[in-house]
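One letter stands for each residue in the lines below.
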Amino acid sequence: MRILNLTPALTKKLLVGRRLHDAEAERVARKIVTDVRKRGDSSLFFWTKKLDSVTLNAQTIWISQKEIRGAARRVSPQFLHALRQAARNIRRVAEQQLPIEWSLEVEPGVKIRQLVRPIESIGCYIPGGRSSLVSTLLMTAIPAQVAGVPRIAAVCAKPNDELLAAANFLGVFEMARIGGAQAIAALAYGTKSVARVEKLFGPGNKYVTAAKQLVSADCAIDLPAGPTEAVVLAERGNPAWIAADLLAQAEHAPDAASFLVTASRKLANEVAAQVVAQLRALPQTNPAHRSIRSAGAILIASSRAAACEFVNHFAPEHLSLLSQTSSLLRQMSSSGTIFFGPYGAQPLGDYISGSNHVLPTAGWARRRGGLSAADFVKCISVQTISRSGFARLADGAEILAAAESMPAHRQAVRIRR
């Protein structure tokens, strides 16, 4: 693993590099999205065959409840126990995140209320490359259920028994064998076999991310979720534990970025040695071998303050603070999620702690947090204005309308006097 001095030039390179527009991914995604939107099922089935080697038709695209329930009988009791634990924790967190309804009288006779209503239908994209990501179904479907979403449609190109068992456990029986940009297009625009949804959720590869951005003008999306990022900020700690966290996130994909940011060259050398040692235990086909060398690095900052400044600018998807110092936590302003303390192994957040693992990448953590139950609802304001309330507001409204040269606005108030 590379050890680099964290200079202003390197900082600029790291920040700019991940913002590069992937023109090729967008070109491919646009071709597929346009084709599915134009030709519907025939295009969807064509691209599924071409890209995923799965032959589908209108009868086989949706997985039957019988098959879903059958898968649930084939998985181990240990898996089901872990599934229940993860689901319980995710649900408890989602329940705390849900916006509440409220009512406020801002002036006598002027009452504003907030209603909270679920989105009518959502699509959960479940990555299914080397394996189906069971955890992504939990992280998207459970907050949707807490929010009261009536229709939850899930898609995965090659669902395994564990994913289907999770769907059975959650009661998500609308699951299609589709993936990639073609699945995003089908959910966003609808085909004869796939009813469109109002909003799309879940991470994916660069083509899925590009497709989500392309359809976002017509179908809402959750957040940009690009290549995985992990940062460990530490001056001391267990080198083996730090290396293990960096490799865990590097395992997601060849372009996953893992960084140790430290002011300690001693710790840097110890972690680098541990990365080499632990890599030997991973199969050569594991993406961590490539990503830890090409997209990862150990960054040596000139001071703790410089390290904190870099982390806040980088705004990583995952951030580990090994020191449980409240002053350090207060300095952190931008991250998708923070693991606070040495026992916060990052995979615990990926699977089972209850915090959502659908998180902003590529600096989006400077603008928003991770997925929450609030992303699955609409907050609707209700304005109740009495006759006396109208009298209190009318003069000010007319003055403001006149200032904006909006005579029809002014008349709509004046006509009620």
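What comes next is a walk through the structure. (Residues numbered from 1 in each chain as written. Predicted model: local features only at pLDDT ≥ 70, side-chain atom pairs only at ≥ 80, totals over all residues. Heavy atoms only, no water.)

This part covers the overall build of the chain. Secondary structure summary: the chain contains 17 helices and 14 strands in total. Taken along the three principal axes of its C-alpha coordinates, the chain extends 80 × 60 × 45 Å. With 417 residues in all, the chain has 48% of them scored as buried. Partitioning the intrachain contacts of the chain with sequence separation of at least 6 by distance along the chain shows that 71% fall at a separation of at least 24. As presented, the chain carries roughly 20300 Å² of accessible surface, and 54% of it is formed by carbon and sulfur atoms. For the chain, the distance from the average position of its 51 positive side-chain charges to the average position of its 31 negative side-chain charges is 2 Å. (Helix = DSSP H or I, 4+ residues; strand = E, 2+ residues; numbered from the N terminus. Buried < 20%, exposed > 50% of the residue type's maximum accessible area, 1.4 Å probe, protein only. Contact = heavy atoms within 4.5 Å. Areas by Shrake-Rupley, 256 points an atom, 1.4 Å probe, with all protein chains shown as cover. Lys, Arg positive; Asp, Glu negative; His and termini not counted. Charge placed at Lys NZ, Arg CZ, Asp CG, Glu CD.)

This next bit is on the nonpolar core. Grouped together as the largest cluster of nonpolar side chains are 41 residues, with contacts concentrated most on Ile122, Leu137, Ile152, Met175 and Phe376. The set of elements that each furnish at least two residues to this core consists of helix 4 (65-74), helix 5 (77-97), strand 4 (121-125), helix 6 (134-147), strand 5 (151-155) and helix 7 (161-170). Among the elements that make up this core, the one with the highest residue count is helix 6 (9 residues). Val155, Ala176, Ile184 and Cys219 belong to the second largest nonpolar core, which has 32 residues in total. (Core = buried A, V, L, I, M, F, W, Y, C linked by side-chain atoms within 4.5 Å.)

What follows deals with the packing of helix 1 (residues 8-17) against helix 13 (residues 304-314). The interhelical angle for the contact between helix 1 and helix 13, taken along N-to-C directions, is 20 degrees, at an axis separation of 10 Å. In this view, helix 1 runs roughly parallel relative to helix 13, as classed from their interaxial angle. The two elements helix 1 and helix 13 meet at a crossing, and its hand is right-handed. Of the residues in helix 13, those in contact with Thr11, Leu14 and Leu15 of helix 1 are Phe310, His313 and Phe314. Grouping the constituent residues of the contact of helix 1 with helix 13 by class yields 4 nonpolar, 2 polar and no charged. (Axes fitted to C-alpha atoms, helices over the stretch in contact; angles between N-to-C directions. Parallel < 35°, antiparallel > 145°, perpendicular 65-115°, else oblique. Left-handed = near helix turned anticlockwise from the far one by under 90°. Nonpolar A, V, L, I, M, F, W, Y, C, P; charged D, E, K, R; others polar.)

Spatially, the 5 strands line up as an open sheet ordered 6-5-4-7-8, and their pairing is parallel. Only two strands of the sheet have a single partner each, and these edge strands are strand 6 (175-176) and strand 8 (220-221). Across 3 bridges, the pairing between strand 4 and strand 7 (residues 199-201) is parallel. Note that in strand 7 the partner of Cys124 across the bridge is Phe201. (Pairing = 2+ DSSP bridges.)

Following the sequence through the fold, Lys199 ends up in strand 7. Reaching out from Lys199, the side chain makes a polar contact with the backbone oxygen of Asp375 at a distance of 2.8 Å. (Polar contact = N/O pair within 3.5 Å; in protein donor to acceptor, adjacent residues only side chain to side chain.)

Attention shifts here to the environment of Val36. Structurally, Val36 is set in helix 2 (residues 23-39). In sequence terms Val36 and Ala186 are 150 residues apart; their C-alpha atoms lie 6.6 Å from each other.

Attention now goes to the layout of surface pockets. Approximately 360 Å³ is the volume attributed to the second largest pocket. Where the lining of the second largest pocket is concerned, the elements lending two or more residues are strand 9 (229-233), helix 10 (239-250), strand 10 (257-262) and helix 13. Its residues assigned to classes, the lining of the second largest pocket shows 14 nonpolar, 6 polar and 4 charged. (1 Å grid on protein atoms, 1.4 Å probe; cavity = no way out; pocket = protein on both sides within 12 Å on 5 of 7 lines; lining within 4 Å. Points joined across faces, edges and corners; volume = space filled by probe spheres on them.)

What follows covers unusual backbone geometry. At Ser53, a position not held by glycine, the phi torsion is positive, near 55 degrees. In the Ramachandran plot, Ser405 falls in the positive-phi region, its phi being about 55 degrees despite a non-glycine side chain. By secondary structure assignment, the location of Ser405 is in the loop between helix 16 (387-403) and helix 17 (407-414).

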